Amino acid sequence: QVQLVESGGGLVQPGGSLTLSCAASGFTFKNYHMSWYRQAPGKEREWVATITKITGSTNYADSVKGRFTIARDNAKNTVYLQMNSLKHEDTAVYYCTAHNLENFWGQGTQVTVSS
């Protein structure tokens, strides 16, 4: 059974940091590209960052470039999203995804940036 379980969300003040984790199981993690998406209230889901399966190359949305870092640990079947200098507009439910020939999604974790 495929599972992607996000954790690490919560309430943080503007300028603060959070690290999200996504634990994967039920598939061969190292063979999948991993991404983070987010969906803010009333908005469409948007792509945040991707890390590739072999080289570990990373790409980021312009809105988070320089503030967020995606990383993966294939030994732990886990992908991370380090988020620094958080802004109000980063408030959203954050989802991790695994994609190759198939796409898998987690249930999401809420991140709220508020003073």
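Please refer to the structure higher up on the page.
Computed from a predicted model, the values in this text were never measured in an experiment. (Residues numbered from 1 in each chain as written. Predicted model: local features only at pLDDT ≥ 70, side-chain atom pairs only at ≥ 80, totals over all residues. Heavy atoms only, no water.)

**Student:** What exactly am I supposed to notice about the state of the cysteines here?
**Tutor:** If you walk through the whole model with that rule in mind, you get one disulfide. What pairs with Cys-22 in a disulfide is Cys-96, and their sulfur atoms sit 1.9 Å apart. Placement of Cys-22 in strand β3 (residues 18-25) and of Cys-96 in strand β9 (residues 92-99) is noted, with a sequence separation of 74 residues between them. Classification of Cys-22 as buried rests on a relative accessible area of 0%. Assessed through its relative accessible area of 0%, Cys-96 is described here as buried. (Disulfide = S-S within 2.5 Å. Helix = DSSP H or I, 4+ residues; strand = E, 2+ residues; numbered from the N terminus. Buried < 20%, exposed > 50% of the residue type's maximum accessible area, 1.4 Å probe, protein only.)

**Student:** Before we go on, may I ask you to explain the pattern of salt bridges in this structure?
**Tutor:** Two side chains with opposite charge may pair up if their charged atoms get near one another. Taken as a whole and assessed by the stated rule, the structure comprises four salt bridges. Note that Arg-38 is salt-bridged to Asp-90, the shortest N-O span being 2.9 Å. Pair noted here: Arg-38 is in strand β4 (residues 33-39) and Asp-90 is in the loop between β8 (78-83) and β9, with a separation of 52 residues, a long-range link. Per residue, the accessibility class of Arg-38 equals that of Asp-90, and both read buried. Taking the shortest distance from any N to any O, the salt bridge between Lys-65 and Asp-62 comes out at 3.2 Å. Through salt bridges with shared partners, a single ionic network connects Arg-38, Glu-46, Arg-67 and Asp-90. (Salt bridge = Lys/Arg side-chain N within 4 Å of Asp/Glu carboxyl O.)

**Student:** Mind showing me how you'd approach the sheet that holds strand β7 (residues 68-73) here?
**Tutor:** The strands making up a sheet associate through hydrogen bonds between their backbones, and the pairing can be parallel or antiparallel. One open sheet accounts for four strands, arranged β1-β3-β8-β7; its pairing is antiparallel. Among the strands making up the open sheet, the edge pair consists of β1 (3-7) and β7. Each strand axis lies, on average, 15° off the axis of its neighbour in the sheet, ignoring direction. Sheet analysis places β7 next to β8, joined by six bridges and oriented antiparallel. Bridging from a neighbouring strand, Asp-73 pairs with Thr-78 of β8. (Pairing = 2+ DSSP bridges. Axes fitted to C-alpha atoms, helices over the stretch in contact; angles between N-to-C directions.)

**Student:** Would you mind going over the nonpolar core with me for this structure?
**Tutor:** When a protein is soluble and globular, its nonpolar side chains tend to lie buried together. Among the nonpolar cores identified, the biggest contains 31 residues, and Leu-4, Trp-36, Val-79, Leu-81, Met-83 and Tyr-94 are the most heavily contacted of them. Those elements that place two or more of their residues in this core are β3, β4, β5 (46-51), β7, β8, β9 and β11 (109-113). Apart from the residues within four sequence positions on either side, Leu-81 is in contact with Leu-18, Thr-19, Leu-20, Trp-36, Val-48, Ala-49, Phe-68, Thr-69, Ile-70 and Tyr-94. (Core = buried A, V, L, I, M, F, W, Y, C linked by side-chain atoms within 4.5 Å. Contact = heavy atoms within 4.5 Å.)

**Student:** Just to check I follow, could you spell out the pairing of β4 for this structure?
**Tutor:** Along any regular strand the residues' side chains alternate between the sheet's two faces. Strand direction decides the pairing type here: β4 and β9, joined by seven bridges, are antiparallel. Across the sheet, residue Ser-35 finds its bridge partner in β9, namely Thr-97. In terms of strand pairing, β4 meets β5 through five bridges, oriented antiparallel. Within β5, the residue paired with Ser-35 across the bridge is Thr-50. With antiparallel pairing between neighbouring strands as the criterion, β4 and β5 make up a hairpin whose turn holds six residues, including Gly-42 at a positive phi of roughly 75°.

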